[in-house]
Amino acid sequence: DQIVPGKKEKKGKVIKIPYRLQFSCDYEKLGEFVTELEKNNRIILIDQLILKNDIEKTRSNNNKDILEQDIEMKIFTVTLNKSSIL
């Protein structure tokens, strides 16, 4: 639903770029997404994962509503500052 990049952080030879993600999916799709992050060529760190379980969903008769979770995730991409290595 939403991807918001944050301010680039430089610490020595490492550059971290934070991102805040908001999306809805079931647990299986969340697992697939995390697996895809792991396969990425870039180093990606998951800093925070929030699952928002709404009590109103449990009262719904629709099973899809119960399975779908609102998720917030904070991740960082990590790169080496090549200019400081040389």
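Calculation criteria
Residues numbered from 1 in each chain as written. Predicted model: local features only at pLDDT ≥ 70, side-chain atom pairs only at ≥ 80, totals over all residues. Heavy atoms only, no water. Core = buried A, V, L, I, M, F, W, Y, C linked by side-chain atoms within 4.5 Å. Buried < 20%, exposed > 50% of the residue type's maximum accessible area, 1.4 Å probe, protein only. Helix = DSSP H or I, 4+ residues; strand = E, 2+ residues; numbered from the N terminus. Salt bridge = Lys/Arg side-chain N within 4 Å of Asp/Glu carboxyl O.

A. Focus on the nonpolar core. Membership of the largest hydrophobic core is limited to eight residues, which are Leu21, Phe23, Cys25, Leu30, Leu37, Ile71, Met73 and Ile75. Of all the secondary structure elements, the ones that give two or more residues to this core are strand 3 (14–25), helix 1 (27–39) and strand 5 (69–80).

B. Quick look at the pattern of salt bridges. Following the criterion strictly, the structure yields four salt bridges and no others. Here Lys29 makes a salt bridge to Glu32, at a shortest N to O gap of 3.7 Å. Residue Lys29 and its partner Glu32 are both found in helix 1; the two are separated by three residues, about one turn of the helix. A relative accessible area of 47% places Lys29 in the partly exposed class. Between Lys52 and Glu72 there is a salt bridge whose closest N-O contact spans 2.5 Å. Taken as a pair, Lys52 in strand 4 (residues 43–52) and Glu72 in strand 5 lie far apart in primary sequence, 20 residues in all.

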